[in-house]
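Structural characterization, general
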Amino acid sequence: PSTALVSWSAWLAELEKQDGGGLMDKSLGYIEALVGDGNRERADAECALGLLMADVLHMLICYEKGGFNGPRGCYAIYEERLRAGLGRFGLRVLIGTRWPIADALQFMRFSS
């Protein structure tokens, strides 16, 4: 029996805690575990909304690091994935899920 790439339920529980910690601080270890060949498809099968959450945060990481190296730069890759995920699930699902995807999008700063 295979094990999940990450403990999706543990990550979600961390994100739901009202302990003052930020979404990014609680997520870095989980996001890092999802990077790698073949992990994207597996993560999508395990927890598609969790993967979308990771994509939102990964896009923000790329933005903050200035990963704008053309159309295949870090930011562009995750922005494209985010756009696809948003289209796949729709607003009703994003607002109704326990994953704080809408919160992450609301608090993203795209200017200094």
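Residues numbered from 1 in each chain as written. Predicted model: local features only at pLDDT ≥ 70, side-chain atom pairs only at ≥ 80, totals over all residues. Heavy atoms only, no water.

On to the overall build of the protein chain, then. In terms of regular secondary structure, the protein chain is built from 6 helices and 0 strands. Reading the protein chain from its N end, one meets helices and strands in the order α-α-α-α-α-α. Within the protein chain, the proportion of its 112 residues that are buried is 38%. In the protein chain, 65% of the contacts between residues at least 6 apart in sequence involve partners at least 24 apart. When the accessible surface of the protein chain is split by element, carbon and sulfur atoms take 53% of a total near 6800 Å². (Helix = DSSP H or I, 4+ residues; strand = E, 2+ residues; numbered from the N terminus. Buried < 20%, exposed > 50% of the residue type's maximum accessible area, 1.4 Å probe, protein only. Contact = heavy atoms within 4.5 Å. Areas by Shrake-Rupley, 256 points an atom, 1.4 Å probe, with all protein chains shown as cover.)

Following the criterion strictly, the structure yields 5 aromatic pairs and no others. Ring geometry for W8 against W99: centres 6.4 Å apart, planes inclined by 75 degrees, an arrangement best described as edge-to-face. Linking W8 in helix α1 (residues 8-16) with W99 in the loop between α5 (74-96) and α6 (101-107), this pair joins segments that are 91 residues apart in sequence. Across this residue pair, the class does not change: W8 and W99 are buried. On the basis of an interplanar angle of 75 degrees and a centroid distance of 5.1 Å, the ring pair of W11 and W99 is categorised as edge-to-face. Note that W11 is positioned in helix α1 and W99 in the loop between α5 and α6, a separation of 88 residues in sequence. Residue classification places W11 among the buried residues on the basis of a relative accessible area of 0%. (Phe/Tyr/Trp six-rings, centres within 6.5 Å; stacked < 30°, edge-to-face > 60°.)

All right, on to the packing of α1 against helix α2 (residues 23-34) then. Relative orientation of the contacting elements α1 and α2 amounts to 165 degrees, with a least axis distance of 9 Å. Relative to α2, α1 is oriented roughly antiparallel. The hand of the α1/α2 crossing is left-handed. Side by side, α1 and α2 meet where W8, A10, W11, E14 and L15 of the first sit next to L23, K26, S27, Y30 and L34 of the second. Across the contact of α1 with α2, the residue classes tally to 7 nonpolar, 1 polar and 2 charged. (Axes fitted to C-alpha atoms, helices over the stretch in contact; angles between N-to-C directions. Parallel < 35°, antiparallel > 145°, perpendicular 65-115°, else oblique. Left-handed = near helix turned anticlockwise from the far one by under 90°. Nonpolar A, V, L, I, M, F, W, Y, C, P; charged D, E, K, R; others polar.)

Considering every residue of the protein chain, the mean pLDDT works out to 86; 88% of them sit at 70 or more. Here α6 stands out as the element of the protein chain with the lowest mean pLDDT, 82, in contrast to α1, whose mean of 95 is the highest. (pLDDT = per-residue confidence, 0-100.)

The next subject is helix α4 (residues 48-65). The end-to-end C-alpha distance of α4, which contains 18 residues, comes to 26 Å, matching closely the 26 Å that a straight helix rising 1.5 Å per residue would cover. Summarising burial for α4: 15 of the 18 residues are buried, a large majority. Count one or two residues on from α4 and you reach G66, which has phi positive near 75 degrees. (Expected span 1.5 Å × (residues − 1).)

Moving on, we get to the packing of α2 against α4. Running from amino to carboxyl end, α2 crosses α4 at an angle of 105 degrees, the nearest separation of the two axes being 10 Å. Between α2 and α4, the angle is such that the two are roughly perpendicular. Along the contact surface, α2 presents L23, M24, S27, L28, I31 and L34, while α4 presents M53, A54, L57, H58, L60 and I61. When its residues are assigned to classes, the contact of α2 with α4 shows 10 nonpolar, 2 polar and no charged.

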